[in-house]
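Below, each chain spelled out in residue letters.
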Amino acid sequence: MATTSDAAAAMLEHGELEAAMGRYSRALAVKEKVLGVRHVEVAQLLAKMAGVARMQGDREKALALYARACPGLTVDLGGEHGEVGALLTSMGVLQCELGMLPEAVASLERALVAMKAAHGAGHNEVASTLVHLGQVRYKQRRLAEAEKLYEEALALKEACLGQDHVETAIALSHLADIRQLEGRSREAVELYERALCGLGRSAAETDPSVASTLHHLGQALAKLGELPRAEEAYRRALAIQEAALGRWHPDTVLTRANLDNLCGVVDVVAPPAAAAPALSAASAWISGSSAIGSGSAAAAAAASVDWTVAFAPATAAAASSAAAATPPAVSTADARGHALTGGWT
């Protein structure tokens, strides 16, 4: 039993997710029999299994495992322990991704209390929980609350990590998204540019988070009528996404559609018919997602694109070109979990 974690960690390092889950499951059966289902070691093992389920893209299973772990961990460690706060944060993030927004708020507010008690109000873990709670409020379109949470998180990120850290840049991007929705596009541009400066120092130029920020910058610039700069931002984002995520990843498709709209392109290249179900599932997932900051440019902008128009072949030549480029078949489950698996290639 003492070597279960080490063995499972080695399996995870080699990408053997099923083997690791099997190892944990066998250990769980023994621990529950010997220690009882509410013991802290059982709860900690359940939390590890939830982490593997997230890596596998199975959010529902991960959330169920976290929910099983929460009572035992809370009873043994107390509701204001950092480990409890981390588990509640993970639950809240999954609930948000699954559209369970009231439940996500409840989990993240409990997590915030625990993080502040465990680490102090000025800790980076507190800032991260504020960001997650801001994402839920953003999805609920409670923009004033989201803005306040992002501003508080940004101040803490800058104090804890510095202005050039990638997490600070992501917090800047979140705040810029709010400014953009409020119609304050000039302020949004300034924040996106600050975020890009931070990402330039802390992330590779080919990182999808750079592309996400560039995409949003392009949208803000387009609204200001600065079309050459908007086109440049879109083209830079598209180059990164095609290289890092693949031609038919929903983020890539959305950036290409916005660039085509900006440039007045009519004869867009459509994907083959086999791709339609996967892309439809992906667009539906994106529309309900809060993936900003995780590398998804699409979450905040999907509503601005007519996906039917973007995917429809306008000419026979476009349809012919589409037929020659066959993206991989992707199931609905894969579409919903693409952010966890690193995207489609």
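Conventions used here
Residues numbered from 1 in each chain as written. Predicted model: local features only at pLDDT ≥ 70, side-chain atom pairs only at ≥ 80, totals over all residues. Heavy atoms only, no water. Helix = DSSP H or I, 4+ residues; strand = E, 2+ residues; numbered from the N terminus. Buried < 20%, exposed > 50% of the residue type's maximum accessible area, 1.4 Å probe, protein only. Contact = heavy atoms within 4.5 Å. Areas by Shrake-Rupley, 256 points an atom, 1.4 Å probe, with all protein chains shown as cover. Salt bridge = Lys/Arg side-chain N within 4 Å of Asp/Glu carboxyl O. Core = buried A, V, L, I, M, F, W, Y, C linked by side-chain atoms within 4.5 Å. Axes fitted to C-alpha atoms, helices over the stretch in contact; angles between N-to-C directions. Left-handed = near helix turned anticlockwise from the far one by under 90°. Parallel < 35°, antiparallel > 145°, perpendicular 65-115°, else oblique. Nonpolar A, V, L, I, M, F, W, Y, C, P; charged D, E, K, R; others polar. Phe/Tyr/Trp six-rings, centres within 6.5 Å; stacked < 30°, edge-to-face > 60°. Lys NZ or Arg CZ within 6 Å of the ring centre and 35° of its normal. Expected span 1.5 Å × (residues − 1). pLDDT = per-residue confidence, 0-100.

Participant: What is the right way to read the overall build of the protein from this model?
Facilitator: For the protein, the count of helices and strands is 18 helices and zero strands. Counting only residues that meet the buried cut, the protein has 49% of its 345 residues in that class. Long-range contacts, defined here as pairs at least 24 residues apart, represent 61% of the contacts in the protein between residues at least 6 apart. Carbon and sulfur atoms make up 55% of the accessible area of the protein, which amounts to about 15,000 Å² in all.

Participant: Even after reading the chapter, I still don't get the pattern of salt bridges, so can you show me in this structure?
Facilitator: Side chains that carry opposite charge are capable of pairing whenever their charged atoms lie near each other. Overall, the coordinates contain 21 salt bridges when judged by the stated rule. Two residues, Glu 226 and Arg 229, come together in a salt bridge whose shortest N-O distance is 2.7 Å. Given the relative accessible area of 36%, Arg 229 is considered partly exposed.

Participant: Would you take a moment to explain the nonpolar core for this structure?
Facilitator: One finds Leu 130, Val 136, Tyr 150, Val 210 and Leu 217 to be the most contacted residues of the largest nonpolar core, which totals 45 residues. Broken down by secondary-structure element, the contributors of at least two residues to this core are helix 6 (101–119), helix 7 (124–139), helix 8 (143–161), helix 9 (166–181), helix 10 (185–202), helix 11 (208–223) and helix 12 (227–244). Not counting residues within four places of it along the chain, the set of residues in contact with Leu 130 comprises Leu 112, Leu 149, Glu 152, Ala 153 and Leu 156. Membership of the second largest hydrophobic core comes to 30 residues, among which are Leu 45, Val 52, Tyr 66 and Leu 73.

Participant: Hey, could you run me through the packing of helix 3 (residues 40–55) against helix 5 (residues 82–97) in this one?
Facilitator: Packed helices, taken two at a time, are described by the angle between their axes plus the distance between the axes. Two elements in contact, helix 3 and helix 5, have axes whose closest approach is 12 Å; the angle formed by their N-to-C orientations is 30 degrees. Between helix 3 and helix 5 lies a crossing whose hand is left-handed. Residues Gln 44, Ala 47 and Arg 54 of helix 3 pack against Glu 83, Leu 87, Ser 90, Val 93 and Leu 94 of helix 5.

Participant: Help me understand the packing of helix 9 against helix 11, please; the structure alone is not making it clear to me.
Facilitator: Where helix 9 meets helix 11, the axes come as close as 11 Å, and the angle between the chain directions of the two elements is 25 degrees. Considering their axes alone, helix 9 and helix 11 lie roughly parallel with respect to each other. In the packing of helix 9 onto helix 11, the handedness of the crossing is left-handed. The residues of helix 11 that touch helix 9, namely those facing Ser 173, Asp 177 and Gln 180, are Thr 213, His 216, Gln 219, Ala 220 and Lys 223. Of the residues in the contact of helix 9 with helix 11, the class split is one nonpolar, five polar and two charged.

Participant: Teacher, can you tell me more about the environment of Leu 88 here?
Facilitator: With respect to the secondary-structure elements, Leu 88 resides in helix 5. Sequence separation between Leu 88 and Ala 114 is 26 residues; the distance between their C-alpha atoms is 8.9 Å. For Leu 88, the residues in contact, after removing those within four places along its chain, are Cys 70, Ser 107, Arg 110 and Ala 111.

Participant: What is the right way to look at the packing of aromatic side chains in this model?
Facilitator: Any pair of aromatic rings gets described here by the distance separating the centres and the angle formed by the planes. By the definition in use, this model includes zero aromatic pairs. When the ring centre of Trp 248 is taken as origin, the NZ or CZ atom of Arg 247, which lies over that ring, is 5.2 Å away. Stacked on the ring of Trp 248, the Lys or Arg Arg 256 has its end atom at 5.8 Å from the ring centre.

Participant: It is not clear to me how unusual backbone geometry should be interpreted in this structure. Could you clarify?
Facilitator: When glycine is set aside, most residues are seen to have a negative phi, and most peptide bonds are trans. Look at Arg 141: it is not a glycine, yet its phi comes out positive at around 60 degrees. On the basis of relative accessibility, which here comes to 46%, the residue Arg 141 falls in the partly exposed class.

Participant: Looking at this model, I keep getting lost on helix 13 (residues 250–263). Mind explaining?
Facilitator: Helix length check: helix 13, at 14 residues, gives a terminal C-alpha distance of 20 Å against a target of 20 Å (1.5 Å per residue), a fit within 8%. Residues Pro 250, Asp 251, Thr 252, Val 253, Leu 254, Thr 255, Arg 256, Ala 257, Asn 258, Leu 259 and Asp 260 constitute the buried set of helix 13. Gly 264 lies just past helix 13 and shows a positive phi near 75 degrees.

Participant: What's the story with helix 2 (residues 17–35) in this structure? I'm lost.
Facilitator: Residue pairs three or four apart in sequence face the same way in an α-helix, which turns once every 3.6 residues. In a regular helix each residue adds 1.5 Å, so 19 residues correspond to 27 Å; helix 2 covers 26 Å between its end C-alpha atoms and thus fits that length. If you check which residues of helix 2 are buried, you get Leu 17, Ala 20, Met 21, Gly 22, Tyr 24, Ala 27, Leu 28 and Lys 31. Buried residues along helix 2 sit against helix 1 (4–13), helix 3 and helix 4 (59–77). Looking at the residues trailing helix 2, positive phi occurs at Gly 36, about 100 degrees.

Participant: Help me understand the environment of Arg 110, please; the structure alone is not making it clear to me.
Facilitator: With respect to the element layout, Arg 110 can be found in helix 6. Residue class for Arg 110 comes out partly exposed when judged on its relative accessible area of 42%. As for Arg 110 and Glu 80, which are separated by 30 residues in sequence, their C-alpha atoms are 8.7 Å apart. Those residues in contact with Arg 110 that lie beyond four places of it in its chain are Cys 70, Thr 74 and Leu 88.

Participant: Got a minute to help me understand the confidence of the model for the protein in this structure?
Facilitator: As a general rule, the predicted coordinates of low-pLDDT regions are not to be interpreted in detail. The share of residues in the protein with pLDDT of 70 or more is 76%, and the mean pLDDT across the chain is 80. Confidence over residues 285–345 falls short of pLDDT 50; this stretch has 124 contacts with residues more than four positions distant or in other chains.

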